[in-house]
Amino acid sequence: MALYRSDGRKLLDVEYDTRIEVGDEIDGMRVLSVDQRAADECGVFLLEPNGMVTCYVLDEIYIVGKSDSFETLVDAVNAWNADEI
């Protein structure tokens with residue numbers, strides 16, 4: 001399990017070839033799922049402390065999008081698959 005921090009724009013102290021995996025933590029939130037939509041775009045689904053789900057869209061180590069407060073992981077993944085995130 002790896003622990004990552006961000007400044008809201010990018011992951012800090014991370015190499016460009018680092019892969020986020022299920023079970024890692026970003027900003028204190030556990031990674032529930034990871035999905036690669038394009039060669040350079042990755043959706044990382046995180047469990048918030050309040051039980052809701054957040055999705056970070058990463059391009060390498062940069063956070064290019066964020067959508068939070070989904071009630072379930074299924075809702076977040078459906079939004080990701082529908083290109084709503």
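Going by the structure above, here's the rest.
Rules behind the numbers
- Every chain begins its residue count from 1, and numbering advances along the sequence as written.
- Since the coordinates come from a predicted model, pLDDT governs what is reported: local features require at least 70, and pairs of side-chain atoms require 80 or more to be given and counted, while whole-chain, interface and lining totals use all residues.
- No hydrogens and no water enter the side-chain calculation; it runs on all heavy atoms of the structure.
- Throughout, exposure labels follow a simple rule: accessible area from a 1.4 Å probe, protein chains only, divided by the maximum for the residue type, with under 20% read as buried, over 50% as exposed, and the rest as partly exposed.
- Working definition: helices are DSSP H or I runs of at least four residues, strands are E runs of at least two. Numbering for both runs from the N terminus.
- Directions are taken from the helix axis to each C-beta atom, and the arc is the one they span.
- The pairing criterion is simple: DSSP has to find at least two bridges between the two strands.

*Asks:* Please explain helix α1 (residues 73–81) as it appears in this structure.
*Replies:* Since one α-helical turn is 3.6 residues long, residues separated by three or four positions face the same way. Along α1, the residues classified as buried are Ala76, Ala79 and Trp80. Burial along α1 is one-sided: seen end-on, the buried residues are contained in an arc of 100°. For α1, the exposed residues set more than 90 degrees away from the buried face come down to Val74 and Asn81. Positive backbone phi, approximately 60°, marks Asp83, located one or two places after α1.

*Asks:* Please clarify how the pairing of strand β5 (residues 41–47) should be interpreted in this entry.
*Replies:* Regular strands have side chains that alternate between both faces of the sheet. Within β5, five of the seven residues are buried, which leaves it mostly tucked inside the rest of the structure. Where strand β4 (residues 29–38) and β5 come together, seven bridges link them in antiparallel fashion. The residue of β5 that forms the bridge with Val34 is Val44. Counting the residues between successive antiparallel strands, the hairpin from β4 to β5 contains two residues. Note: β5 against strand β6 (residues 53–59), six bridges, orientation antiparallel. Of the residues in β6, the one forming a bridge with Phe45 is Cys55. Here β5 folds back onto β6 in antiparallel fashion, the turn holding five residues, of which Gly51 has a positive phi close to 95°.

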